[in-house]
Amino acid sequence: LEESSDSEVEEVDNSSSSSVVMVDSWTVFTCTEEVAMQVMQLRQKWFSLWIRRLSTTSKQARIQEEQDDAVISSIAALLQLEEQSLGLAQPHGIGQRPKQMAVDLSTGQPTQQVDRRRQSDSMSTTSEEEMVQSPPTRYFIVKPSAGSLTALEAAMSHTSGVWSFPTTTERKLLTPVTSGQMVVAIFSVASSGAFQGCGVFTGQQGVEGGRSGVRMEWLASKGVSFTSTQVSHITNKMDEGRRLQTARDGQELDQEAAGVLLQAMGVNSVQGRQQMWRGGRKERHFR
């Protein structure tokens, strides 16, 4: 590692192999020497990533993207574990592009849509009913290994089942589910050159036919080739405008790109399934 770091690692006791990680004069951590070295290396890699991204264009940095993704995924996994240990829930809309929101200038709080409906009865009373918008559905590309095409097709032939995801991808999809959002996983087996199908990622663990994984509610859909004129032009705003064919496992899609892709796959709308999913989720919660 050529880059220097602001962090300092000082050995306290050689016999116990303990070290002190000093972030600054106020923040000090005591840990093993191995953990201290890993923290320092991760900090240096993170610092190098920022310097490289600021000094090069997106095309020039393409070669380093896999290494950068590994660093970012490691940091994100550590932060998620820390949030889970503290019982923190991730806010809605994380990872999405900023949206305009009406704000009440007197309170500084976002305004909510209110549906005022007049109701008449024997007492001629009126009431106001507040309608809070449901959080948007999130869409992710999932890239199973090349040898799993047959298993995927067999799983999607049913209305529901289980599917095993890589740990990093499962955590990424599980985060919005725990926040009350519906997640739709769009499958594209590696080296297949096509999108095979999609399903609702419930986040619930299950076992079926000797296979364990996350329970999926498969959506009726058809496969679409990368070369199809319906999808070959689609770009993803959440992946620096790249085409969907180049997406990696666990890449999130923006709403517009996901809508066009799902329409090409014969999925007309997920709104009805969204309402059913939310109703079932509430029922499971109360149980």
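Residues numbered from 1 in each chain as written. Predicted model: local features only at pLDDT ≥ 70, side-chain atom pairs only at ≥ 80, totals over all residues. Heavy atoms only, no water.

### Some remarks on the confidence of the model for the protein
What counts here: Per-residue confidence from the predictor is reported as pLDDT, a score between 0 and 100. What makes two residues a contact is simply this: any of their non-hydrogen atoms within 4.5 Å.
This prediction gives the protein a mean pLDDT of 78; 69% of its residues lie at or above 70. Scored below 50 in pLDDT, residues 114-132 shows 17 contacts in the model against residues more than four places distant or in partner chains.

### Considerations on the environment of Phe226
Which entries qualify depends on this criterion: Where helices and strands are cited, they refer to DSSP runs of H or I of at least four residues and of E of at least two residues respectively, numbered from the N terminus.
Inspection of the secondary structure puts Phe226 in the loop between strand S12 (224-225) and strand S13 (235-236). Spatially, the C-alpha atoms of Phe226 and Arg243 are 9.8 Å apart, while their sequence positions differ by 17 residues. Filtering out sequence-adjacent residues up to four positions away, Phe226 remains in contact with Lys143, Ser188, Gly193, Ala194, Phe195, Val231, Ser232 and Gln245.

### Some points on the nonpolar core
Here is the rule: Here, nonpolar core means buried Ala, Val, Leu, Ile, Met, Phe, Trp, Tyr and Cys residues that are tied together by side-chain atoms lying within 4.5 Å of each other. With a 1.4 Å probe rolled over the protein chains alone, any residue whose accessible area is under 20% of its type maximum counts as buried; one over 50% counts as exposed, and the rest are partly exposed.
If you look at the biggest cluster of nonpolar residues, it comprises 23 residues, and the most contacted ones within it are Ile141, Val184, Ile186, Phe195, Cys198, Leu253 and Leu261. Of all the secondary structure elements, the ones that give two or more residues to this core are strand S6 (138-142), strand S8 (183-187), strand S10 (197-208) and helix H5 (255-264). Ranked by the residues each element gives to this core, the list is headed by H5, at 5 residues. Every residue in contact with Val184, bar those within four places of it in the chain, is listed here: Thr137, Arg138, Tyr139, Phe140, Cys198, Gly199 and Leu219.

### Comments concerning the environment of Val183
Mapped onto the elements of the fold, Val183 is located in strand S8. Given the relative accessible area of 0%, Val183 is considered buried. Spatially, the C-alpha atom of Val183 lies 5.8 Å from that of Val200, the residues being 17 residues apart in sequence. Aside from chain neighbours lying at most four places away, what touches Val183 is Arg138, Phe140, Leu173, Pro176, Val177, Gly199, Val200 and Phe201.

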